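Report on the structure
Listed below, chain by chain, are the residues.
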Amino acid sequence: MNIMFVCTDNFTRSVIAEFCVKDFLQRNNITSIKVASAGIRADSDISKYSNIHFYIMNELNIDTTDFKRTLFDEKCFKEHDIIIAMSELHRDYIKERYNREIPLFNEVYKGEKTAVNIGAPNSEDFVDQINKLVHYFYEATPSIIRNIEQQNAY
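Here's a quick rundown of the structure. Just so we're clear, the structure is a prediction, and the values are computed from it rather than from any experiment. (Residues numbered from 1 in each chain as written. Predicted model: local features only at pLDDT ≥ 70, side-chain atom pairs only at ≥ 80, totals over all residues. Heavy atoms only, no water.)

Quick word on helix 2 (residues 52–59)
Residues H53, F54, I56 and M57 constitute the buried set of helix 2. Seen end-on, helix 2 carries its buried residues on one side only, within an arc spanning 160 degrees. Note on helix 2: the residue one or two positions beyond its end, N61, has a positive phi of about 65 degrees. (Buried < 20%, exposed > 50% of the residue type's maximum accessible area, 1.4 Å probe, protein only. Helix = DSSP H or I, 4+ residues; strand = E, 2+ residues; numbered from the N terminus. Arc of directions from axis to C-beta.)

Dropping the structure here:
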């Protein structure tokens, strides 16, 4: 099974989800599932974005060395069995552009049609928010895998 997480720039949310799942799969010796991420604007300028999430993942011993940004396109549907959006923006973009329905992360995780959001980079508690975001994905990963395997209908 091939899973893909989608966000805007393919730099924060989808990347964190991708690497948390990769880490889980590796630690549990699960080789039947592959995971990737992409962004609907993965060709954007990210030079001003914080990369603190990479440091946080590395502190959790999550290997992020094979990070690369991928622009979401039609071939993503051919290469992945399930594509999961981080927010309504991503889900709606894919519906409008490709006429395909995809679930939200929180929908797969806990049956809630809610977005996974991040705070503004200039907020005082941004580092804390990113730390919580990394841990949110990290802790959600076993349930995400279990729910995908049980449902296999997304």
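Next, the rest of the story.
With respect to the pairing of strand 1 (residues 2–7)
Taking burial as the measure, the 6 residues of strand 1 include 5 buried ones, the bulk of the element. Where strand 1 and strand 2 (residues 34–39) come together, 6 bridges link them in parallel fashion. Note on strand 2: the bridge partner recorded for F5 is S37. Between strand 1 and its parallel partner strand 2, the chain crosses via helix 1 (residues 13–27), and the hand of that crossover is right-handed. Two elements, strand 1 and strand 3 (residues 82–85), share 4 bridges in a ladder whose sense is parallel. Considered in strand 3, the bridge of M4 is made with I83. (Pairing = 2+ DSSP bridges. Right-handed = clockwise from strand over helix to strand, strands pointing away.)

A word on the pattern of salt bridges
Where charged atoms of side chains with opposite charge meet at close range, the side chains can pair. For the structure on display, the rule yields 8 salt bridges. One salt bridge in this structure joins K22 and D66, with 3.3 Å as the shortest N-O distance. Remark: D66 occurs in the loop between helix 2 and helix 3 (75–79) and K22 occurs in helix 1; sequence separation between them is 44 residues. Classification of K22 as partly exposed rests on a relative accessible area of 24%. One salt bridge connects R27 with D23, and the closest N-O pair in it is separated by 2.7 Å. On the criterion of helical spacing, the pair formed by R27 and D23 is a turn pair, its members being 4 residues apart in helix 1. A residue is classified by how much of its surface remains accessible, and D23, at 7% relative accessible area, is buried. (Salt bridge = Lys/Arg side-chain N within 4 Å of Asp/Glu carboxyl O.)

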